[in-house]
Amino acid sequence: MGYNTALIAGILLLVASCFTLNHSLTLLRSGEKAVGTVIMLEKSTDTDNESVTPIFRFTTRSNEEYTFGHIVSTDPPAWDIGEKGTIIYDPANPSQAKLLTYFSVFSETIFCVAFALPLIVFGGGSYIARYIFRVTAGKGERMAVV
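Notes on the structure follow.

1. Regarding the overall build of the chain
So, point 1. Helix and strand counts for the chain stand at 2 helices and 5 strands.
So, point 2. Along the chain, helices (α) and strands (β) appear in the sequence α-β-β-β-β-β-α when read from the amino end.
So, point 3. Seen through its C-alpha atoms, the chain measures out along the principal axes to roughly 75 × 40 × 20 Å.
So, point 4. Out of the 146 residues in the chain, the part that is buried amounts to 28%.
So, point 5. For the chain, the proportion of contacts with a sequence separation of at least 24, taken over those separated by at least 6, is 56%.
So, point 6. By element, 61% of the accessible surface of the chain is carried by carbon and sulfur atoms, the whole surface being about 9800 Å².
So, point 7. When the 11 positive and 13 negative side-chain charges of the chain are each reduced to one mean point, those points stand 16 Å apart.

2. Details of the nonpolar core
So, point 1. One finds Ala34, Val38, Phe56, Phe58, Phe68, Trp79, Ile87, Tyr89, Ala97 and Leu99 forming the largest nonpolar core, which totals 10 residues.
So, point 2. Mapped onto this core, the elements with two or more residues apiece are β1 (32-45), β2 (50-59), β4 (84-90) and β5 (93-99).
So, point 3. If we ignore the near neighbours within four places in the chain, the residues touching Ile87 are Glu32, Lys33, Ala34, Val35, Gly36, Phe56, Phe58, Phe68, Ala97, Lys98, Leu99 and Leu100.

Scoring rules and cut-offs
- Residues numbered from 1 in each chain as written.
- Predicted model: local features only at pLDDT ≥ 70, side-chain atom pairs only at ≥ 80, totals over all residues.
- Heavy atoms only, no water.
- Helix = DSSP H or I, 4+ residues; strand = E, 2+ residues; numbered from the N terminus.
- Buried < 20%, exposed > 50% of the residue type's maximum accessible area, 1.4 Å probe, protein only.
- Contact = heavy atoms within 4.5 Å.
- Areas by Shrake-Rupley, 256 points an atom, 1.4 Å probe, with all protein chains shown as cover.
- Lys, Arg positive; Asp, Glu negative; His and termini not counted.
- Charge placed at Lys NZ, Arg CZ, Asp CG, Glu CD.
- Core = buried A, V, L, I, M, F, W, Y, C linked by side-chain atoms within 4.5 Å.

Encoded structure:
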């Protein structure tokens, strides 16, 4: 039963990765770019660690200002106040802007695939193993259940 659950979860995550990839590619094709400036470094504390998230401000083509926090927090800070970065945003929803980097744009897809593939290998591998065991088992031999 665990193998079936792993296989189904892996397939669902792989399907989800296709949707997130499509969303990211659509953003790259039809999104607008702006220059964002780090206006603040927001500190967050985990159990023992303190990290910093850069907060960017950018202006859209329609002269509206938006702010957003980068998805990556670091220690030491990777950004300084006043530094600039390229922002990509959906003109219909500028509040969901992203820093134009590989990881920022494709992080959801990367995580979905990273979890989907091992689950598919684990769940699907049991079916392959059962088939191989069935084929190689001699007549009258009992096959171990995987």
